[in-house]
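Fold and contact review
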Amino acid sequence: MYDAIIVGAGPAGAASAYYLARAGLKTLLIEKMKLPRFKPCGGAVSLKFLLSLPFDVSGTIKGKISRLRYFYNNADPFEVELDSQLAMVNRQEFDCAIVRAAVGAGAELIDGLAASGLALESQAIKVLTGKGIFETKYLIGADGVYSRIGEWSGLTKKRKINTTLEIELPGLDQDPQTAFIGFGQVRRGYSWSFPKSDAYSVGIGGRSGEKLKVELDRWLTFLGYSGRRDFKITGHALPEPVIGARLQKGGLLLAGDAAGLVGPLTGEGIRYAIQSAGIAAQAIIAGEIGSYSRLIYRQISS
């Protein structure tokens, strides 16, 4: 019997495990993939926010952004100098750094194990897996945009989903301290190019279905890239946030992408994921989980 089980070892899940284990709760973190695992992500997050965290992720930073250059179709771009730098992180390394911190704080980790079912009972929550049933008083679903925990609990309804396509691209002639953000190249979406020390994260996000690949190629041409186009394209989904949605049921809470917590304009999720982890953990530690949904929308989505 665990005090808390977290399903999903991304930033929301790993940070939740860290906060709960640090507070002395018997905590289990379950991840369906073997770690480390690749995670497509632009990786931009406030450097000030990262440095404020109680665990060290500085070794995962692959660049720092001081300005944003915005493009709209063929109009002249304009630049914005940032008051606080953006850090560019490698998600594979970033997630693992938080997982290590959680384990170091006392959390138990089982990776390569998927949850296969859920039973919400009066005295306990049971998580079904291929290695047996794990029982807990509290459960945090941090298993991403297509959260099975949210589905099984009835907390998530059919969401509108945005799709992103991304490549890790060498060979762009771009200022390493300037991120490019484009509008107009993608219908009902936007595009980006984020410089990192080892490559550029170049991608687009929108709701254009198969046309996204054509629009990705158009964005590459716009950036002046003239190399071969046989690179690996990865993609992932982003939920459209539903402000006011219920995120807690009994001892079960949703965090991060599972809770639909992404920036509505940029698709930013890392900061929201870690912030929701802190709110979820504090609600559990204080025994006040009934206030969780309200606190999320007051502190994150306002």
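A few points on the structure. (Residues numbered from 1 in each chain as written. Predicted model: local features only at pLDDT ≥ 70, side-chain atom pairs only at ≥ 80, totals over all residues. Heavy atoms only, no water.)

Here we look at the overall build of the chain
Each helix and strand in the chain was counted, giving seven helices and 16 strands. Compactness check: the chain gives a C-alpha radius of gyration of 20 Å against a globular reference of 19 Å for 302 residues, within 12% of the reference. Reported as C-alpha extents along the three principal axes, the dimensions of the chain are approximately 60 × 35 × 35 Å. Looking at the chain as a whole, 54% of its 302 residues qualify as buried. Within the chain, contacts between residues separated by at least 24 positions form 68% of all contacts whose residues are at least 6 apart in sequence. For the chain, the accessible area works out to roughly 14100 Å², and carbon and sulfur atoms hold 50% of it. Side-chain charges of the chain comprise 36 positive and 28 negative groups, with the mean position of each set lying 6 Å from the other. (Helix = DSSP H or I, 4+ residues; strand = E, 2+ residues; numbered from the N terminus. Rg over C-alpha atoms; globule rule 2.2 N^0.38 Å. Buried < 20%, exposed > 50% of the residue type's maximum accessible area, 1.4 Å probe, protein only. Contact = heavy atoms within 4.5 Å. Areas by Shrake-Rupley, 256 points an atom, 1.4 Å probe, with all protein chains shown as cover. Lys, Arg positive; Asp, Glu negative; His and termini not counted. Charge placed at Lys NZ, Arg CZ, Asp CG, Glu CD.)

So, the side chain of serine 193
Residue position: serine 193 is located in strand β12 (residues 190-195). According to the relative accessible area criterion, serine 193 is buried, its value standing at 0%. A polar contact is formed between the side chain of serine 193 and the side chain of glutamine 174, at a distance of 2.7 Å. With residues up to four places along the chain from it excluded, the contact list for serine 193 reads Leu172, Gln174, Thr178, Ala179, Phe180, Tyr200, Ser201, Val202, Trp219 and Leu223. (Polar contact = N/O pair within 3.5 Å; in protein donor to acceptor, adjacent residues only side chain to side chain.)

Describing the sheet that holds strand β13 (residues 200-206)
The strand order across the open sheet formed by eight strands is β3-β5-β4-β11-β12-β13-β10-β14, and the pairing between neighbours is mixed. Where the open sheet ends on each side, the last strands, each with one partner, are β3 (44-46) and β14 (234-239). Strand-to-strand twist across the sheet, computed as the mean angle between neighbouring axes with direction ignored, equals 30°. Where β12 meets β13, six bridges bridge the pair, whose relative direction is antiparallel. Its bridge partner being in β13, phenylalanine 194 is matched across the sheet by serine 201. Packing against the sheet, helix α5 (residues 211-222) makes contact with β4 (61-72), β10 (161-169), β11 (178-183), β12 and β13, and its axis sits at approximately 135° to β13. (Pairing = 2+ DSSP bridges. Axes fitted to C-alpha atoms, helices over the stretch in contact; angles between N-to-C directions.)

Some remarks on the pattern of salt bridges
One pass over the full model with this rule turns up 10 salt bridges. Linking glutamate 121 and lysine 126 is a salt bridge whose minimum nitrogen-to-oxygen distance equals 3.5 Å. Using a relative accessible area of 22% as the deciding quantity, one classes lysine 126 as partly exposed. What you see here is one network of salt bridges that share partners, running through Arg37, Arg91 and Asp95. (Salt bridge = Lys/Arg side-chain N within 4 Å of Asp/Glu carboxyl O.)

Some remarks on the packing of helix α6 (residues 270-286) against helix α7 (residues 292-299)
It is at 10 Å that the axes of α6 and α7 come closest, and there the two elements cross at 145°. α6 and α7 meet at a crossing whose hand is right-handed. For the pair α6 and α7, the contacting residues are Ser276, Ile279 and Ala280 in the first and Tyr292, Leu295, Ile296 and Gln299 in the second. (Left-handed = near helix turned anticlockwise from the far one by under 90°.)

A look at the packing of aromatic side chains
This model, assessed by the stated rule, comprises 13 aromatic pairs. Positioned above the aromatic ring of tyrosine 2, the side-chain terminus of lysine 26 is 5.0 Å from the ring centre. Above the face of the phenylalanine 38 ring, lysine 232 is positioned so that its terminal group lies 5.8 Å from the ring centre. (Phe/Tyr/Trp six-rings, centres within 6.5 Å; stacked < 30°, edge-to-face > 60°. Lys NZ or Arg CZ within 6 Å of the ring centre and 35° of its normal.)

Let's talk about α7
For α7, the full list of buried residues reads Tyr292, Ser293, Leu295, Ile296 and Tyr297. In this structure, the buried residues of α7 make contact with β15 (248-249), β16 (252-254) and α6.

Some words on the nonpolar core
Formed by 74 residues in total, the largest nonpolar core has its most connected members in Ile5, Tyr19, Leu50, Phe55, Leu139 and Ile274. Once residues within four sequence positions are removed from consideration, leucine 139 is found in contact with Ile5, Val7, Leu118, Ile125, Val127, Ile149, Gly251, Leu252 and Leu253. (Core = buried A, V, L, I, M, F, W, Y, C linked by side-chain atoms within 4.5 Å.)

Focus: the environment of alanine 21
The topology assignment puts alanine 21 in helix α1 (residues 11-22). Residue classification places alanine 21 among the buried residues on the basis of a relative accessible area of 7%. Separated by 17 residues in the primary sequence, alanine 21 and alanine 4 have C-alpha atoms spaced 9.0 Å apart. Leave out the neighbours within four places in its chain, and alanine 21 touches Thr27, Ala102, Ala105, Gly106 and Ala107.

Section: the environment of glutamate 108
Structurally, the position occupied by glutamate 108 is in strand β6 (residues 108-111). Each C-alpha atom, one on glutamate 108 and one on lysine 26, is 8.2 Å from the other, the two residues being 82 residues apart in sequence. Among all residues touching glutamate 108, those that are not within four sequence positions of it are Tyr2, Thr27, Leu28 and Leu29. There is a polar contact of 2.6 Å between the side chain of glutamate 108 and the side chain of tyrosine 2.

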